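# A look at the structure
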Amino acid sequence: MQKVAIQSMLFKSDIETQGTYPVFKKLREIGTKYIELSMVALTDENIDGIKRACDEFGLTLISLSGALQLNSKFNPSLITEYDRIIKTAKDFGVEYIRLGSFPGNIGGTKEQIIEDCKKTNEYVQKLKEEGLKLYLHNHHREFMKVDGQYVIDIVREHCPEAGFELDVFWIQRGGETPQEYIKNFNGKLDLLHLKDYKIINKQKEKVNEEEKAKNPDIYFDVVRFAEVGEGNLHMKEIIEVSKTLGTKYLIIEQDQTYGSDKYECYKKSIDNLAKMGYKN
């Protein structure tokens, strides 16, 4: 049975101010048992809080986030913090190490992209020896075409043993139909990111002006991130297709909530998935 999970990225600031334990407690209270760790520093304090929360609330870490850049500001680098990442994965029984973005210069030439794939393949093999799987997460920019081919398809061709954590919002934004495009990743799609794709009427929307002043750029586009089931994507069809491909985890990730309470937004996604028939 597929399991519904939550990605921790959106709760980065809460974790920095409150710590991992109280944030993970709240995530359990809104209905999740499974968490993908992203944008959380692997400090002793954070790890201790996660372990305590997992023990007390029955939470499970399903994946850790890493980077293949030397100085990533988002996640620990596999190049410089490899041992720490591996130890954390083994301590929590995590199977997947995922890259929050594709490695290297995806906007470069095809030759440069293939060269980046070679480095990626080295880490696929290193992690495989540790009993771990390397998964790659896409955005819309991986649908740029180089020599008539999507970057994501070049990477898929040249990283044959890597897994892919496809994001249905970004597939749609990249110009493909999610429920069709994911069929190309049969057996390589254990992790699937769910967020909905919403078109809003800016003339009628209610805006939190304080929130808009902090980050005005996100309010310019009529395309918005939305709770699962609140947008235009055919989520049930996407999920049913993913079942045939071997997907194990349906991971909720909403990059922006536009001033709405983060926890309430994620709870709405969990509740909507339950109404569709997908409940832990």
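As shown above, the structure is provided for reference.
The paragraphs below set out a description of the structure included in this document.

Rules of the game
Residues numbered from 1 in each chain as written. Predicted model: local features only at pLDDT ≥ 70, side-chain atom pairs only at ≥ 80, totals over all residues. Heavy atoms only, no water. Helix = DSSP H or I, 4+ residues; strand = E, 2+ residues; numbered from the N terminus. Contact = heavy atoms within 4.5 Å. Polar contact = N/O pair within 3.5 Å; in protein donor to acceptor, adjacent residues only side chain to side chain. Axes fitted to C-alpha atoms, helices over the stretch in contact; angles between N-to-C directions. Parallel < 35°, antiparallel > 145°, perpendicular 65-115°, else oblique. Left-handed = near helix turned anticlockwise from the far one by under 90°. Nonpolar A, V, L, I, M, F, W, Y, C, P; charged D, E, K, R; others polar.

### What to know about the environment of Q2
- Examined against the element boundaries, Q2 turns out to sit in the segment before β1 (3-7).
- Considered as a pair, Q2 and D91 are 89 residues apart in the sequence and their alpha carbons are 23 Å apart.
- Setting aside residues up to four positions removed in sequence, Q2 forms contacts with I239, S242, K243, T247, K248 and L250.
- A distance of 2.9 Å separates polar atoms of two side chains, one belonging to Q2 and the other to S242.

### Re the side chain of K195
- Inspection of the secondary structure puts K195 in the loop between β9 (191-194) and β10 (196-199).
- Within the local environment of K195, its side chain forms a polar contact with the side chain of D255, the two groups lying 2.9 Å apart.
- Once you skip the residues sitting within four places of it in the chain, K195 turns out to touch D167, V168, F169, W170, F225, A226, V228, L233, M235, E253, Q254 and D255.

### Details of the packing of helix α3 (residues 44-57) against helix α4 (residues 82-92)
- At their nearest, the axes of α3 and α4 sit 12 Å apart, and the two run at 15° to each other. One element, α3, and the other, α4, form an angle in the roughly parallel class. Where α3 crosses over α4, the two elements pack in a sense that is right-handed. Facing α3, whose interface residues are D44, I47, I50, K51 and C54, α4 presents R84, T88 and F92.
- When grouped by side-chain class, the residues that make up the contact of α3 with α4 number 4 nonpolar, 1 polar and 3 charged.

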